[in-house]
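This is what each chain is made of:
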Amino acid sequence: MKYLTTILLTVGILPLSAQQIVINTEHTALVLRVDKDKRLHQTYLGKRLIHEKEYDMLSNMGEVCIANGNGDYFEPAFHISNNKGNETLVLKYVSHQVKKTEDNNTETVIVLSDEVRQNSVRLFYKTYSKEDVISTYAEIINGEQQPVYLYKYASALLHLNAEAYYLTQFNGDWAAEVGMTESRLGFGKKIIDSNLGTRTNMFASPFFVLSLEKNAEENTGKALIGTLGWTGNFRFTFEVDHENKLRVISGINPYNSKYELKVGETFKTPEFIFTYSERGTGEASRNIHSWARRHRIKDGQGERLTLLNNWEATYFDFNEKKIIALIDEAKTLGLDMFLLDDGWFGNKYPRNNDNAGLGDWQPNKKKLPNGLNALTAATAKKGIKFGLWIEPEMVNPKSELIEQHPDWAIAWNDRTQSYFRNQLVLDMSNPEVQAYVFNIIDGLLTTCPNISYFKWDCNSPMTNVYSAYEQSCQSHLFIDYVKGFYAVLDKLKTKYPHLPMMLCAGGGGRTDYEALRYFTEFWASDNTDPIDRLYIQWGYSYLFPAKTICSHVTAWNKKVDIKFKIDVAMMGKMGFDLNFSTLSKPDAEFCKYAVQTYNGIKDIIFEGNLYRLVSPYNNTHTASMFIDNASKRAVVFAFDIFPRYSKTAPQPLRLQGLQAAKMYRVKEINRYDGKEQKIGTFSGDYLMSIGLQAFTGKRLESHVFYLEE
Ligand code: GLA
């Protein structure tokens, strides 16, 4: 029979009884096949073929729904046991359906079931054809007459087959987010995961780049970018087997998270979202960016507000007078909003440092005797908006909230507690806590209707992991917490559908595409040193469009001038976190001018296509450019970081993504002297083949060029 199957496959005929499921985007295909035993296999993931019939010739790469004990020798996607100790599950194809979605894409739903144990799994594949993105997740349904226990519950298992695999991971720490490292995968497993519960991405980000055959490159090569939409513990397992085949298992990290499913209950996994390109990581990133703006991020195609934040200008030390002075500065600078950061609340335990007050969200009477309304009145008078910092999932042991509700915090009470930044995490698995968090925000918006924006922080990972609410189901906490978090965000989004919010977790400790359904942007890092930011923003740009990456100009790194700092911040969602009285008059004037410049080009940065031209990694220069969708206008950012002394001028910077036949007028903008400088008119061909003299041999210089057809 095996021999016959081989013959049938090579002549391009599917074996009798085999059934093929082709999941297509414009340029990518994922092909699955049901064999005669009703097992579901993947036969292909790659460039979409012109003749669909030819997928028939491909052989099986591996099963899609591998569960514990089904005869596969490598890492399974599922492990589900029942209380009779049956650990084995063999999931077989039952049916599938392809539906058209509202946005004119498709959703394929495949049902698989175990013949002995009546547990089934539904696999969902949603395609975003134009953007070449596929999102996939699973539902596990307990059809047994007894509870079952989920030990493994992946969102996706993908098979790849190539000569070599290169994995780029994004990891770091506080103030050192998304450092990129590429390594070749060899036999065995490589795991990237998080156990932190909250502030989950402090060390590792929930996304990766996988390059097939050779190291990742921007414009050539096969690249897969994948990410998990889950604001909690995640895990990616990359396993290369004895035949050099790779499987990638993505999902919630099952660490300390055995999950009980009662009779008839369903468990839905988060989405694994991926794109595949045969034209390098540049195109893969642009795919994800377009998908995110059109289909995912809250108000993805909407405006973003420039702002002045007081955090680094004042830290906890402010009063109404100081804040009103900063509001005036925000207006003078031409910014859209003033954002009041940490320190505005707490009375019995005033929030004058990070030791006390979290949880007591009433304005501090000493600092703000006239409440928040006096501040929103000041912003309204100036015609700008008012934003507010909150950290509603957290509590200081020194707070009225913990005095009233000691059991609301995640904390054991039979051991000495440990704190991260002197705080505890509130138990969002508890519906009472969810209601409290919703009411805090809803209450602020009701009593102070001119609040137009929130920066929602989350500074602590889970410590002392014990929930008074979960009682006998402690291993549900990591998961139920995240579900509770989404339940609150859902309710808020329903009531305030267009309220912009910044996602923050002690810098970039929360950066995933499920949270971004509810947030318009995220705080990329507390590190605002412009040199470090070149690397951090470069890393985030693989996954996130510029309009989501909050980039502020601050006092960090005195060796770098204000223009360089602003040029770096302009590559994202620009803001300031500065006391302007500390700036020289010309520097302050330049900031004003730069805000105007930014307002004139930010549509290209926000909605256009990003081309990463020169990486800061292993280079003394770096450059990126954004081009609008019609290829008519573009902005190029070029930075000289630390070039060595040399008599020869740096090579011209070759641009990308322009139309060769079009002629572009090029000028240098955002110059410190406030005067634009004409460079000349060039064809797209010239600019992409020869390039612009954008770099210098000087240290810490930056240049911004504007191109118009
Ligand atoms: C975190 C944030 C900062 C700031 C402080 C306030 O560290 O990342 O931007 O808001 O909290 O305590």
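What comes next concerns the included structure. (Residues numbered from 1 in each chain as written. Predicted model: local features only at pLDDT ≥ 70, side-chain atom pairs only at ≥ 80, totals over all residues. Heavy atoms only, no water.)

On to the pattern of salt bridges, then. Under the definition given, this model contains 42 salt bridges. Two residues, glutamate 75 and lysine 152, come together in a salt bridge whose shortest N-O distance is 3.2 Å. Of the two residues, glutamate 75 sits in the loop between strand S4 (62-63) and strand S5 (78-82) while lysine 152 sits in strand S10 (residues 148-161), which places them 77 residues apart along the sequence. With a shortest N-O distance of 3.0 Å, glutamate 218 and arginine 612 are connected by a salt bridge. Linking glutamate 218 in the loop between strand S14 (204-212) and strand S15 (222-229) with arginine 612 in strand S31 (residues 609-614), this pair joins segments that are 394 residues apart in sequence. On the basis of relative accessibility, which here comes to 2%, the residue arginine 612 falls in the buried class. Through salt bridges with shared partners, a single ionic network connects Glu271, Arg296, Glu514 and Arg517. (Salt bridge = Lys/Arg side-chain N within 4 Å of Asp/Glu carboxyl O. Helix = DSSP H or I, 4+ residues; strand = E, 2+ residues; numbered from the N terminus. Buried < 20%, exposed > 50% of the residue type's maximum accessible area, 1.4 Å probe, protein only.)

All right, on to helix H5 (residues 371-382) then. For H5, every residue scored as buried is listed here: Gly371, Leu372, Leu375, Thr376, Ala378 and Thr379. In the core, the buried residues of H5 are packed alongside helix H4 (320-333), strand S22 (337-340), strand S23 (385-390), helix H7 (431-447) and strand S26 (451-456). In the stretch just after H5, glycine 383 is the one whose phi turns positive, near 75°. (Contact = heavy atoms within 4.5 Å.)

With that settled, consider the sheet that holds strand S30 (residues 573-576). Reading around the barrel, the eight strands line up as S21-S22-S23-S26-S27-S28-S29-S30 and close back on themselves, with parallel pairing between neighbours. The average angle at which neighbouring strand axes cross in this sheet is 30°, direction not considered. With three bridges joining them, S26 and strand S27 (residues 501-503) adopt parallel strand pairing. Residue pairing for S27: phenylalanine 454 is matched across the bridge by methionine 501. Taken strand by strand, helix H10 (residues 562-570) contacts strand S29 (549-553) and S30, and its axis lies near 170° from that of S29. (Pairing = 2+ DSSP bridges. Axes fitted to C-alpha atoms, helices over the stretch in contact; angles between N-to-C directions.)

All right, on to the site of the ligand then. If you check the shell around the ligand, you find 13 residues, and the closest are Asp341, Asp342, Lys455, Asp457 and Asp526. The contact in question runs from an oxygen atom of the ligand to an N or O atom on the side chain of lysine 455, over 2.8 Å. Between an oxygen atom of the ligand and a side-chain N or O atom of aspartate 526, the distance comes to 2.5 Å. Compared with its free state, where it exposes 310 Å², the ligand has 96% of that area covered by protein. Among the residues forming the shell around the ligand, the class breakdown is four nonpolar, three polar and six charged. (Near = heavy atom within 4 Å. Polar contact = N/O pair within 3.5 Å; in protein donor to acceptor, adjacent residues only side chain to side chain. Areas by Shrake-Rupley, 256 points an atom, 1.4 Å probe, with all protein chains shown as cover. Nonpolar A, V, L, I, M, F, W, Y, C, P; charged D, E, K, R; others polar.)

Now for the environment of threonine 447. You can see threonine 447 is positioned in helix H7. Threonine 447 sits in the exposed class, given a relative accessible area of 56%. For the pair threonine 447 and serine 285, spaced 162 residues apart in the sequence, the C-alpha separation amounts to 42 Å.

Turning our eyes to something else, we now look at the nonpolar core. Leu210, Leu340, Trp344, Leu372, Trp456 and Phe576 are the most contacted members of the largest nonpolar core, which has 187 residues in total. Setting aside residues up to four positions removed in sequence, leucine 210 forms contacts with Leu160, Tyr166, Leu167, Leu185, Lys222, Ala223, Leu224, Phe238, Leu246 and Val248. Grouped together as the second largest cluster of nonpolar side chains are 21 residues, Ala634, Leu655, Leu658 and Leu692 included. (Core = buried A, V, L, I, M, F, W, Y, C linked by side-chain atoms within 4.5 Å.)

The tally for this structure, following the rule as stated, stands at 43 aromatic pairs. A centroid spacing of 5.7 Å and a plane angle of 25° characterise the contact between phenylalanine 272 and phenylalanine 274, whose relative ring orientation is stacked. Judged by relative accessible area, which is 1%, phenylalanine 274 ranks as buried. Measuring from ring centre to ring centre gives 5.9 Å for phenylalanine 485 and tyrosine 486, while their planes differ by 40°; the resulting arrangement is tilted. The class for phenylalanine 485 is buried, based on a relative accessible area of 0%. Residue tyrosine 486 is classed as buried on the basis of its relative accessible area of 10%. Taken together, Tyr128, Phe170, Phe207, Trp291, Tyr513, Phe522, Tyr540, Tyr542 and Phe544 form an aromatic cluster joined through their ring pairs. Here the basic side chain of lysine 455 rests over the ring of tryptophan 523, its NZ or CZ set 5.6 Å away from the ring centre. A cation over a ring is seen here: arginine 699 above phenylalanine 642, with NZ or CZ 4.1 Å from the ring centre. (Phe/Tyr/Trp six-rings, centres within 6.5 Å; stacked < 30°, edge-to-face > 60°. Lys NZ or Arg CZ within 6 Å of the ring centre and 35° of its normal.)

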